[in-house]
Amino acid sequence: MIALNGFSASLGGHAVLADIRFSAGPGEFVAICGPNGAGKTTFLRALAGLLPGSRRPDPREMAYVEQGARCAWNLTISEVAALGRLPYGDMNAAAITRALDSCGVRHLAERRIGEVSGGQARRAMLARAFATSPKALLLDEPVADLDPHAAHEILHLLASFAKAGGLVIAVLHAVDLAAAYATRMVVMAEGRIMADDAPLAALPAAAKCFGLELGEDRSPRLLYSRHLGEH
Amino acid sequence: MRAGLLLWASVAGLAIASLLVGGAGFGIPDWLILWDIRVPRTALAILVGGGLGISGAVLQGALRNPLADPGLLGIGGCAAFGAILVFYWGISALFAPALPAGAMIGAALGCATLMAFAGQALSGPSLILAGIALSAFASAFIALALSLAPNPFALAEITFWLMGGLEDRSLSHLALAAPPILLGCAILLRLGRRLDALSLGESTAATLGLDVSRTLLLCCAGVTLAVGAGAAVAGGIGFVGLVVPHLLRPLVGQRPGAVLAPSLAGGAALLLGADLLARLAPLLLPLGSEPRLGVLTALLGAPFLVRIARQVAP
């Protein structure tokens, strides 16, 4: 459904993606993990067709939500969701309402996006992506600045989208959340894919990239002591 | 929809008033005065004001910045400089269409510079700063042209023109300016969906199927035609593009596409009103002559800039 075949990219002469081979299909929830600067966002932008040389997917089949996505104007939440219908050039009210509903912001439809909480605004931006009725969702840090409850709710929503046959590819910083919700984990470091496996199988590689330690229960645990000792 | 009807009704009302008010006061004028003086003046106020209003709305949408305005961003200044060069070398006396052509070339250069800047994903404030730099550059060149003016008459003529005005314009001015302004407005009016998509940022807009560079090119073309031709016949008139979309958003909503057509009508109404005010001022106040139209719009618009700046401050 979505694939990169030996894709490389560089920024200012510096390689940010090196020979990336990746493909994913319906029903998968792929979490992209890795330290800052690993090339996760660039990888996602390549999948979205935003890099020179990358193939742009059909806008009706793929919705992309960038990191810290916001709307430049103080639109109402239903107007924001309606932007998701632009690839169709229609105002399919049913699709918009369904998107608002599944993202839990239907009761806020007439509120302005600048006047709701950060978590609600994040859901509104997600509703915009859902309103396209896409087959694939590409999301950059969809839960980065949300409280744990809101983060779990959004990840739950994404997991059910994947269960229903959709494809979710999301950059996630929180390895524990990725392990809890994703069906597949891609671990990146320095522009390369270090591991690409079921979350539990990929966890050791992720832990290594982050400098984490896996506990007895294989849950990632921060090695504060080691870092404190080093610096 | 109701707001749109109301706006066009006020344009019609102001246009009728504009046909009936003159230096001699209020009344139905001679056919000759009506046709040769009042009609061009009224029609030009509608065209120039409408062009400035919709250009402001499009620039604000394309650059995602409520402070964007053809004047503030230096596009007006570049148009004025282009027109002055044509003036200066006397080309406009030999070949009338050279004046709007010069203004449009200036506006196109200014617009392209800004869009190139905006394409590098500059933040809102730095874009406005780039516009201010462009504006300062245009002003410096205008000052250079003025200081090198061949005679005091040329100097006075250019200075007067820079202050903007619509008095003594003839049907030939109208014939010169109307086609490019109308074409520009037609281009800009069709950009609504594209500007809606851009409100999510250029990357997301591209994944929604938008051709971003084509959109910016169309914005440039429309603004260049409307603002350039407007500046050529009316001189330096600022703040219309800033004030009008800002006044209309509470009525028609914030969606960039929803602001376009109302801004066309709103700009026309605002400039008609300001021009009426300019004509009425000598009748009501002890003034020797009409205040310049560009001076009036600046007096009305500058306080607005402060107000908008306060609203967008983080």
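Residues numbered from 1 in each chain as written. Chains lettered and ligands numbered in written order. Predicted model: local features only at pLDDT ≥ 70, side-chain atom pairs only at ≥ 80, totals over all residues.

**Details of the overall build of chain B**
Across its full length, chain B carries 14 helices and two strands. Relative to the globule expectation of 20 Å for 314 residues, the C-alpha radius of gyration of chain B, 19 Å, shows essentially globular dimensions. Counting all 314 residues of chain B, 51% fall into the buried class. In chain B, the share of contacts with a sequence separation of at least 24, taken over all contacts with a separation of at least 6, comes to 79%. (Helix = DSSP H or I, 4+ residues; strand = E, 2+ residues; numbered from the N terminus. Rg over C-alpha atoms; globule rule 2.2 N^0.38 Å. Buried ≥ 20, exposed ≤ 12 C-beta atoms within 10 Å, placed from the backbone. Contact = placed C-beta atoms within 7 Å.)

**Re the interface of chain B and chain A**
Contacts between the two partners involve 16 residues from chain B and, on the opposite side, 16 residues from chain A. Counting only elements with at least two residues in the side of chain B that touches chain A, the list comes to α9 (192-198) and α10 (202-207) of chain B. Ranked by the residues each element gives to the side of chain B that touches chain A, the list is headed by α10(B), at four residues. Class assignment of the residues belonging to the side of chain B that touches chain A gives a composition of five nonpolar, seven polar and four charged. (Nonpolar A, V, L, I, M, F, W, Y, C, P; charged D, E, K, R; others polar.)

**Quick word on the nonpolar core**
One broad trend across soluble globular proteins is that nonpolar side chains are buried collectively. The biggest cluster of nonpolar side chains holds 175 residues, and the ones touching the most others in it are Ile32(A) and Val58(B). Ignoring any residue separated from it by four or fewer positions in sequence, one finds Val58(B) in contact with Leu188(B), Leu191(B), Leu195(B), Cys219(B), Gly222(B), Val223(B) and Leu260(B). (Core = buried A, V, L, I, M, F, W, Y, C linked by C-beta atoms within 7 Å.)

**So, the confidence of the model for chain A**
Overall, the predicted model of chain A reaches an average pLDDT of 89, with 93% of residues at or above 70. Overall, residues 227-231 of chain A carries pLDDT values under 50, and its contacts beyond four positions in sequence, including any with other chains, amount to zero contacts. (pLDDT = per-residue confidence, 0-100.)

**Considerations on the packing of helix α2 (residues 31-63) of chain B against helix α12 (residues 240-252) of chain B**
Residues and elements named next belong to chain B. One can describe the packing of α2 onto α12 by two numbers: an axis separation of 7 Å at closest approach and a directional angle of 70 degrees. The orientation of α2 with respect to α12, classified from their angle, is roughly perpendicular. Contacts between α2 and α12 involve Gly49, Leu52, Gly53, Ser55, Gly56, Ala57, Leu59 and Gln60 from the first element and Val240, Gly241, Leu242, Val244 and Pro245 from the second. Taken together, the residues that form the contact of α2 with α12 break down as seven nonpolar, six polar and no charged. (Axes fitted to C-alpha atoms, helices over the stretch in contact; angles between N-to-C directions. Parallel < 35°, antiparallel > 145°, perpendicular 65-115°, else oblique.)

**Quick notes on the environment of Val233(B)**
Residue and element names in this part refer to chain B. Checked against the element boundaries, Val233 lands in helix α11 (residues 212-234). For Val233, a count of 23 C-beta atoms within 10 Å translates into the label buried. Considered as a pair, Val233 and Leu166 are 67 residues apart in the sequence and their alpha carbons are 7.7 Å apart. For Val233, the residues in contact, after removing those within four places along its chain, are Leu44, Val48, Arg169, His173, Leu176 and Ala177.

**Regarding the domain arrangement of chain A**
Residue and element names in this part refer to chain A. Domain assignment breaks chain A into domain 1 (2-61 + 135-230) and domain 2 (69-133). Look at where the C-alpha atoms of domain 1 and domain 2 centre, and you get two points 25 Å apart. Of the residues lining the interface, 10 residues belong to domain 1; the matching set on domain 2 comes to 11 residues. Here the side of domain 1 that touches domain 2 gets three residues from one element, more than from any other, and that element is helix α5 (residues 148-163). (Domains from an automatic or database assignment.)

**Here's the deal with the pairing of strand β7 (residues 184-189) of chain A**
Residue and element names in this part refer to chain A. The buried fraction of β7 is high, at six of six residues. Of the strand pairs in this sheet, strand β3 (residues 29-33) and β7 are connected by four bridges, and their pairing is parallel. Within β7, the position partnered with Ile32 by the bridge is Val186. Summarising the sheet, β7 and strand β8 (residues 192-197) pair through five bridges and their orientation is antiparallel. Counted as the bridge partner of Val186 is Asp196 from β8. Hairpin connection of β7 to β8: two residues between the antiparallel strands, including Glu190 at a positive phi of 50 degrees. (Pairing = 2+ DSSP bridges.)

**Overview of the sheet that holds strand β4 (residues 62-65) of chain A**
All names here are of chain A. If you walk across this open sheet you meet the six strands as β4-β5-β6-β3-β7-β8, and the pairing is mixed. Two strands lie at the open edges of the sheet, namely β4 and β8, each paired on one side alone. Neighbour-to-neighbour, the strand axes of the sheet open up by a mean angle of 15 degrees, direction not taken into account. Where strand β5 (residues 136-140) and strand β6 (residues 167-171) come together, five bridges link them in parallel fashion. Bridging across to β6, Leu138 finds its partner in Ile169. In the packing of α5 onto the sheet, the strands contacted are β3, β5 and β6, and the crossing angle to β6 comes to about 145 degrees. Contacts from helix α7 (residues 199-210) reach β3, β7 and β8 within the one sheet, and its direction differs from that of β7 by about 20 degrees.

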